[in-house]
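# Breakdown of the fold
If you want the building blocks of each chain, they are given just below.
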Amino acid sequence: MNIESKLGLDVFALDKEPHIVVNQTACRERCKRRVCLTICPARLYTLAEDGSLLLNWEGCLECGTCKLACAEGALDWRYPRGGFGVQYRFG
Ligand code: SF4
């Protein structure tokens, strides 16, 4: 079973508000490396045509990797509220 198949087994209880918010100003003006684009195991970060950072927070695995990797502090990251977020189905 590959990683995509395993991730496809997870279930997500979505809150109304995102638990990760990108500070677009800090991201655009201070970050040169954009490590979030490659470091997220679920590949949730992409770039828009205008260069802004897009995040599909609904599929977040809550690993915290992007928060630790963002040296510019451009992510307001917190765990989802109780009862929301990922529910792992594969170990
Ligand atoms: Fe991706 Fe993990 Fe950050 Fe969620 S916490 S967006 S899964 S790197």
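On a predicted model such as this, the values are computed, not experimentally measured, just so you know.

## What about the environment of Leu-75?
- Along the chain, the position of Leu-75 falls in strand β5 (residues 75-77).
- Separated by 51 residues in sequence, Leu-75 and Gln-24 place their C-alpha atoms 9.0 Å apart.
- Setting aside anything within four residues of it in sequence, one finds Leu-75 in contact with Ile-20, Val-21, Val-22, Tyr-45, Cys-66, Lys-67 and Cys-70.

## Structural notes on the pattern of salt bridges
- One pass over the full model with this rule turns up 3 salt bridges.
- Where Asp-15 meets Arg-81, a salt bridge forms, and the shortest distance between an N and an O atom there is 2.7 Å. Separated by 66 residues along the polypeptide, Asp-15 in the loop between β1 (11-13) and β2 (20-22) and Arg-81 in the loop between β5 and β6 (85-87) bring together distant segments of the chain.
- Assessed through its relative accessible area of 54%, Arg-81 is described here as exposed.
- A salt bridge links Glu-72 to Arg-30; the shortest N-O distance between them is 3.9 Å. Separated by 42 residues along the polypeptide, Glu-72 in the loop between α4 (65-69) and β5 and Arg-30 in helix α2 (residues 24-30) bring together distant segments of the chain.
- In this structure Glu-72 comes out as partly exposed when scored by relative accessible area, which is 27%.

## Observations regarding the packing of aromatic side chains
- A complete count under the given rule lists 1 aromatic pair for this structure.
- With centroids separated by 4.9 Å and ring planes inclined at 80 degrees, the aromatic side chains of Trp-77 and Tyr-79 adopt a geometry described as edge-to-face.
- Note on Tyr-79: relative accessible area 55%, which makes it exposed.

## Observations regarding the state of the cysteines
- By the definition in use, this model includes 0 disulfides.
- The cysteine Cys-31 is free of any disulfide, with Cys-27 supplying the nearest cysteine sulfur at 5.5 Å.

## Concerning a nonpolar patch on the surface
- On the surface, Met-1, Leu-9 and Phe-90 cluster together into a nonpolar patch covering about 320 Å² of accessible area.
- With respect to the secondary-structure elements, Phe-90 resides in the segment after β6.
- A residue is classified by how much of its surface remains accessible, and Phe-90, at 45% relative accessible area, is partly exposed.

## Considering the side chain of Glu-62
- When you line up the elements, Glu-62 lands in the loop between β4 (53-55) and α4.
- For the buried residue Glu-62, which engages in no salt bridge, the nearest side chain bearing the opposite charge is Arg-81, 12 Å off.
- Among the polar contacts listed, one links the side chain of Glu-62 to the backbone nitrogen of Val-86, at a separation of 2.9 Å.
- Among residues more than four places away in sequence, those in contact with Glu-62 are His-19, Trp-77, Tyr-79, Pro-80, Phe-84, Gly-85 and Val-86.

Rules and cut-offs
- Sequence order as written defines residue numbering, which begins from 1 separately in each chain.
- Local features are withheld for residues below a pLDDT of 70 in this predicted model, meaning they are given only at 70 or higher, and side-chain atom pairs are given and counted only at 80 or more; totals for whole chains, interfaces and linings count all residues.
- The side-chain figures draw on all heavy atoms in the structure; neither hydrogens nor water molecules are used.
- Where helices and strands are cited, they refer to DSSP runs of H or I of at least four residues and of E of at least two residues respectively, numbered from the N terminus.
- Should any heavy atoms of two residues lie within 4.5 Å, those residues are considered in contact.
- Each salt bridge in this description consists of a side-chain nitrogen of Lys or Arg and a carboxyl oxygen of Asp or Glu lying within 4 Å of one another.
- For every residue, the accessible area (1.4 Å probe, protein chains only) is compared with the maximum for its type, and the residue is labelled buried under 20%, exposed over 50%, or partly exposed between those bounds.
- Only Phe, Tyr and Trp rings take part, Trp by its six-membered ring, and two of them pair if their centres are within 6.5 Å. Stacked means planes under 30 degrees apart, edge-to-face means over 60, and tilted covers everything else.
- Any pair of cysteine sulfurs within 2.5 Å is marked as a disulfide.
- Any residue with relative accessible area above 30% and no salt bridge may belong to a patch, with like charges joined within 9 Å and the nonpolar Val, Leu, Ile, Met, Phe, Trp and Tyr side chains within 5 Å.
- Note on areas: Shrake-Rupley, 1.4 Å probe, and residue coverage restricted to the protein chains presented here.
- Residues scored as positive are Lys and Arg, those scored as negative are Asp and Glu, and His as well as the terminal groups of each chain are ignored.
- Here a polar contact means two N or O atoms within 3.5 Å. Within protein one must be a hydrogen donor candidate and the other an acceptor candidate, and residues neighboring in sequence count only if both atoms are side-chain atoms.

Purely geometric stuff here, so don't read any function into it on its own.
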